[in-house]
Amino acid sequence: MKILKQNKTAIVTGGASGIGWAITEKFIGANIQTVIIGRDQQKLKKAKDKFGKLCIPMACDLSETGRIPDLVEEIESKYGGINILVNNAGINLKKDFLTVSDEEFQQILQTNVAAVFTLSREVSKKMIHQGGGSIINISSMAAVYGLPKVIAYTASKAAIEGMTRAMAVELSPKGIRVNCIAPGFISTDMSAKALNGDKERLQKVLSRTPMGELGKPGDVGDAALFLALESAKYITGVILPVDGGNSIGF
Ligand code: NDP
C-alpha cells in the first residue's frame, strides 16, 4: 500500500457531536485536516469554533444519498485527497418491535446503511485514484447480541459489520483498509436517550460490563485514530469492540 506522508485529510460523518466529536478532536490533535458532516448548522459551527483551522464543517443530510457524489467532489476539489473516512453518523429509534412502522424502519436503514454505502463508494473511487486510504465504520453491541426495542437499529448495525467484511475483501487489494469499531455503551446524547429513565436497562448494561462503567467518547476516538493511521497498516476487516468488556460480559 502506498502510504501518504503529507498531512492527511479525513471525513468524519456526525463529527460535531458525541463520538464523532471525540474522533474529530483526536484527528485534529494528530494534525489531520478533518471535514465534519452533519445536518445541524449550529452544532457544526460550535465544532468549528472549538477546533479551528483544521476543522471543516459541511452541512448535508446524508440520508439524501443523491447529494453524496457532488459532496465528495466538492470536498476533494476544495481540500485535496481524502485519506480517511469515518462513517460515524447514525440514528436510533427505541420502540417496541410491534409498533415500528415501515417508514420508521426505512428511515433508520437509509441513514445508517444506505448513506454509508454511497459515501464509501464515492470516497473509495477517490482513494483508489490516490493510492489508498482507510475507512472506519461504526457498529454497536446491537450487532453482537439481541437488544430489545431497537429492531431497525439492530438490522442497520448487523449490516454495517457485514459490509465492513465485504468492503475489506474488495478494497484492501486496492490499498484501502476497511475496519469497524463496535462501541459498547458510551456516554453521549444518543445513549442518554436510550438509558436515562430506564434504570433497568442501565443496570443491565453495567452489570454485564466487566469494567463497570460506561465508556467515554474519547475511548472510541483513540481506537479510530489507531485504525486510521499507519499504526494499523496490516489490519483490515476487523470489528474492534471498544466496550469495557461488555460483549464478553456474563
Ligand atoms: P449522536 O446522536 O451524538 O451523534 C450522531 C451524529 O450523527 C450527529 O452528529 C448527527 O448530526 C449525525 N447524523 C445523524 N443523521 C444524519 C444525517 N442524516 N446526515 C448527516 N449527519 C447525521 O450519537 P453518538 O455519538 O452516540 O453516535 C455516533 C455513532 O456511534 C452512531 O453510529 C451510533 O450508532 C454509534 N454508537 C453509539 C453508541 C453509544 O453508546 N453512544 C454505542 C454504539 C454505537 P446532525 O444532528 O447535525 O445531523
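Residues numbered from 1 in each chain as written. Predicted model: local features only at pLDDT ≥ 70, side-chain atom pairs only at ≥ 80, totals over all residues. Heavy atoms only, no water.

*Asks:* Residue-level account of the overall build of the chain, with values.
*Replies:* Each helix and strand in the chain was counted, giving 8 helices and 7 strands. In terms of C-alpha radius of gyration, the chain reaches 17 Å, essentially the compact-globule figure of 18 Å for 250 residues. With the C-alpha coordinates aligned to their principal axes, the bounding extent of the chain is approximately 50 × 35 × 35 Å. The long-range fraction of contacts in the chain, counting pairs at least 24 apart against all pairs at least 6 apart in sequence, stands at 71%. Element-wise, carbon and sulfur atoms account for 55% of the exposed surface of the chain, whose accessible area totals about 12,100 Å². (Helix = DSSP H or I, 4+ residues; strand = E, 2+ residues; numbered from the N terminus. Rg over C-alpha atoms; globule rule 2.2 N^0.38 Å. Contact = heavy atoms within 4.5 Å. Areas by Shrake-Rupley, 256 points an atom, 1.4 Å probe, with all protein chains shown as cover.)

*Asks:* Before we move on, could you go through the nonpolar core and cite the residues and values that matter?
*Replies:* With 28 residues, the main nonpolar core has Ile11, Ile37, Ile75, Val123 and Ile135 as its most contacted residues. If you list the elements that add at least two residues to this core, you get strand 2 (33-38), strand 3 (55-59), helix 3 (68-79), helix 4 (102-130), helix 5 (151-171) and strand 6 (176-183). Here the element with the most residues in this core is helix 4; it accounts for 6 residues. Among residues more than four places away in sequence, those in contact with Ile11 are Val35, Ile37, Ile75, Ile82, Ile84, Leu85, Val86 and Val123. One finds Val12, Ile19, Ile136 and Leu225 within the second-largest nonpolar core, a separate group that totals 20 residues. (Core = buried A, V, L, I, M, F, W, Y, C linked by side-chain atoms within 4.5 Å. Buried < 20%, exposed > 50% of the residue type's maximum accessible area, 1.4 Å probe, protein only.)

*Asks:* Tell me what's going on with the sheet that holds strand 2, and back it up with residues and numbers.
*Replies:* Pairing is parallel in the open sheet, where 7 strands are placed in the order 3-2-1-4-5-6-7. Of all strands in the sheet, those with a lone pairing partner are strand 3 and strand 7 (239-242), marking the two edges. For this sheet, the mean inter-axis angle between neighbouring strands, taken without regard to orientation, is 20°. Where strand 1 (residues 9-13) and strand 4 (residues 84-87) come together, 3 bridges link them in parallel fashion. Bridging from a neighbouring strand, Val12 pairs with Val86 of strand 4. (Pairing = 2+ DSSP bridges. Axes fitted to C-alpha atoms, helices over the stretch in contact; angles between N-to-C directions.)

*Asks:* Residue-level account of the side chain of Asn83, with values.
*Replies:* In this fold, Asn83 is placed in the loop between helix 3 and strand 4. In this structure Asn83 comes out as buried when scored by relative accessible area, which is 7%. Within the local environment of Asn83, its side chain forms a polar contact with the backbone nitrogen of Thr9, the two atoms lying 2.7 Å apart. (Polar contact = N/O pair within 3.5 Å; in protein donor to acceptor, adjacent residues only side chain to side chain.)

*Asks:* So what's going on with the site of the ligand? Which residues, and what values?
*Replies:* Neighbouring the ligand are 29 residues, the closest being Ser17, Arg39, Asn88, Tyr153 and Thr188. In this structure, an oxygen atom belonging to the ligand sits 2.8 Å away from a side-chain N or O atom of Lys43. Ile186 has a polar backbone atom sitting 2.9 Å from an oxygen atom of the ligand. The fraction of the free accessible surface of the ligand (880 Å²) that becomes covered by protein chains is 93%. When residues of the shell around the ligand are traced back to their parent elements, those giving at least two are helix 1 (18-29), helix 5 and helix 6 (189-195). Counted by class, the shell around the ligand contains 11 nonpolar, 13 polar and 5 charged residues. (Near = heavy atom within 4 Å. Nonpolar A, V, L, I, M, F, W, Y, C, P; charged D, E, K, R; others polar.)

*Asks:* So what about the confidence of the model for the chain? Which residues, and what values?
*Replies:* Mean pLDDT over the chain stands at 96; residues scoring 70 or higher make up 98%. Across residues 1-6, where pLDDT falls below 50, the model places 11 contacts with residues more than four positions away in sequence or in other chains. (pLDDT = per-residue confidence, 0-100.)

*Asks:* Talk me through the pairing of strand 2; I want residue IDs and the actual numbers.
*Replies:* Burial analysis of strand 2 places 5 of its 6 residues in the buried class, the great majority of the element. The sheet contact formed by strand 1 and strand 2 spans 5 bridges and is parallel. Residue pairing for strand 2: Ile11 is matched across the bridge by Val35. Following the backbone out of strand 1, through helix 1 and into the adjacent parallel strand 2, one traces a crossover that is right-handed. For strand 2 and strand 3, the ladder comprises 5 bridges, and the chain directions are parallel. (Right-handed = clockwise from strand over helix to strand, strands pointing away.)

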